[in-house]
Amino acid sequence: SIEMIQVYEKLGQIYFEMKDYKRAEENYWQLLRLSPFQHHIYKKIADIYYLRRDLDSAIKYNLRGVVLSPNDYTWPWSVALLYYEKGNLKMARQYAQKALDLAPENQMIKNFLLQLKD
């Protein structure tokens with residue numbers, strides 16, 4: 001139900017703010033079981049993995065967002081930044097370019113790509 005979805009999201013946010021990432025993640029997964037099309041929840045799960053310093057899982061859940069919301073530049077942009085942090089400049093460049101294709105006026109992405117030029 002709509003009410004339960006809202007409850008799980010609120011609980012996830014509360015636990016996230018308390019830095020109880022395990023419980024936050026559990027609530028987000030409960031929400032997704034009820035409503036799998038809440039794509040923004042994958043970003044919250046990716047952020048939890050990022051804060052746990054699990055960059056591979058953070059990339060994985062942001063990539064799920066790339067698939068679910070292919071016209072939203074913020075997903076490939078997040079993936080680009082994560083690959084950059086991992087030191088994989090080739091993949092960072094590739095995903096930043098995808099983000100720029102979706103948001104051609106975005107100056108931040110343009111600047112990022114200029115910095116990655118060989």
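A brief look at the structure comes next. Only a predicted model underlies this, so the values are computations on that prediction, with no experimental measurement involved.

Some points on the overall build of the protein
When its secondary structure is counted, the protein shows seven helices and zero strands. Counting helices and strands in the order they occur from the N terminus, the protein gives α-α-α-α-α-α-α. In terms of overall dimensions, the protein has C-alpha extents of about 50 × 25 × 20 Å along its principal axes. The buried share among the 118 residues of the protein stands at 42%.

Some remarks on the nonpolar core
In this structure, Ile45, Tyr61, Trp77, Tyr83, Ala96, Ile109 and Phe112 are the most contacted members of the largest nonpolar core, which totals 36 residues. Residue assignment for this core shows that the elements contributing at least two residues are helix 1 (2–17), helix 2 (21–34), helix 3 (40–51), helix 4 (55–68), helix 5 (74–86), helix 6 (89–102) and helix 7 (107–116). Apart from residues no more than four positions distant in its own chain, isoleucine 109 is found in contact with Tyr73, Trp77, Ala96, Ala99 and Leu100.

Some points on the side chain of serine 69
The residue serine 69 is located in the loop between helix 4 and helix 5 in this model. The residues touching serine 69, leaving out its near neighbours within four places in the chain, are His39 and Trp75.

Calculation criteria
Residues numbered from 1 in each chain as written. Predicted model: local features only at pLDDT ≥ 70, side-chain atom pairs only at ≥ 80, totals over all residues. Heavy atoms only, no water. Helix = DSSP H or I, 4+ residues; strand = E, 2+ residues; numbered from the N terminus. Buried < 20%, exposed > 50% of the residue type's maximum accessible area, 1.4 Å probe, protein only. Core = buried A, V, L, I, M, F, W, Y, C linked by side-chain atoms within 4.5 Å. Contact = heavy atoms within 4.5 Å.

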